[in-house]
Amino acid sequence: MKSSLLNLANLTGAGVFVCAVFVGNAVAQEKAAPAAATATAKAEAPAAATPAVRPPPTAASAATDLAGIPADVLAKVEKHDCKTPVEPGKLSTNSAQKAFRNDLDTFRDCLIKYAETRQTVARAHIASANAAVAEYNEYVEKVKKDREATK
């Protein structure tokens, strides 16, 4: 999970203002895992730290992941249009079994293409969110320096 945390204590005279923005993505987690494992290994006994492996998604886990997302945001997400193959059954002919395997391969390829496209879009959204956070943090630092300069 990637986070940006800025303590703006000097900007508010009476109290402490903290702004935290957390944006999660698998790429940031993969980049952070070695550093976190190294820090953990240094802090603890010299045992090797093994990063946690997330199990592959299931329909139930996908539904749970979507539960916290507002309906208006979900409405904008495109659904895949991949055609699910129909299993021919145990007593089907060899040609029907072969056709099913071909349809299953086509279904898999369609879903892979859909997932890759969605992940590309997600990475673009994450990059945009990170840029917005960086812009905010830079602005706050500028204001902080300007206020310190006028003292």
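A quick note: this is a predicted structure, and the numbers were derived from the prediction, not measured.

Chemist: How do you make sense of the overall build of the chain when you look at a structure like this?
Modeler: Along the chain, the regular secondary structure elements total four helices and two strands. When the elements of the chain are put in sequence order from the N terminus, they spell out β-β-α-α-α-α. For the chain, the proportion of its 151 residues judged to be buried stands at 11%. Considering only residue pairs separated by 6 or more positions, the chain has 47% of its internal contacts joining residues 24 or more positions apart. Total accessible area computed for the chain in this model is approximately 12100 Å², and 60% of it derives from carbon and sulfur atoms.

Chemist: Can you help me understand the state of the cysteines in this one?
Modeler: As used in these notes, a disulfide is a covalent bond between sulfur atoms, one from each of two cysteines. Under the defined criterion, the tally for this structure stands at one disulfide. Two residues share a disulfide in this structure: C82 and C110, whose sulfurs sit 2.0 Å from each other. The S-S bond linking C82 to C110 shows a torsion near -85 degrees; that makes this disulfide left-handed. Here the residue C82 occupies a position in the loop between α3 (71-75) and α4 (94-149), and C110 occupies one in helix α4, the gap between them amounting to 28 residues. Classification of C110 as partly exposed rests on a relative accessible area of 26%.

Chemist: Is there a simple way to think about a nonpolar patch on the surface in this case?
Modeler: A cluster of nonpolar side chains, contributed by L66, I69 and V73, occupies part of the molecular surface with about 220 Å² of accessible area. One can find L66 in helix α2 (residues 59-66). The class of L66 is partly exposed, set by a relative accessible area of 41%.

Chemist: Please clarify how the pattern of salt bridges should be interpreted in this entry.
Modeler: Side chains carrying opposite charge are able to pair once their charged atoms draw close together. In the structure shown here, the tally under the stated rule is three salt bridges. Sharing partners across several salt bridges, the network here consists of D105, R108 and D109.

Chemist: Would you mind showing me how to read the environment of C110 here?
Modeler: C110 sits 29 residues away from D81 along the chain, and the two C-alpha atoms are 8.3 Å apart. If we skip the residues at most four places from it in the chain, C110 touches D81 and C82.

Each value, and the rule that gives it
- Sequence order sets the numbering: in each chain, residues are counted from 1 along the sequence as written.
- For this predicted model, a pLDDT threshold of at least 70 governs which residues receive local features, and a threshold of 80 or more governs which side-chain atom pairs are given and counted, while totals over whole chains, interfaces and linings are taken from all residues.
- Water and hydrogen atoms play no part in the side-chain values, which are based on all heavy atoms of the structure.
- The numbering of helices and of strands both runs from the N terminus, where a helix is a DSSP run of H or I of at least 4 residues and a strand a run of E of at least 2.
- Between buried and exposed lies partly exposed: a residue is buried under 20% and exposed over 50% of the maximum accessible area for its type, with that area taken using a 1.4 Å probe on protein chains only.
- The contact criterion used throughout is that any non-hydrogen atoms of two residues lie within 4.5 Å.
- Accessible surface is estimated by sampling points in the Shrake-Rupley manner with a 1.4 Å probe; for residues, cover comes only from the protein chains shown.
- Disulfides are defined as cysteine sulfur pairs within 2.5 Å.
- Here, patches come from residues exposed beyond 30% relative accessible area and free of salt bridges, joined within 9 Å for like charges and within 5 Å for nonpolar side chains (Val, Leu, Ile, Met, Phe, Trp, Tyr).
- We count a salt bridge whenever a side-chain nitrogen from Lys or Arg sits within 4 Å of a carboxyl oxygen from Asp or Glu.

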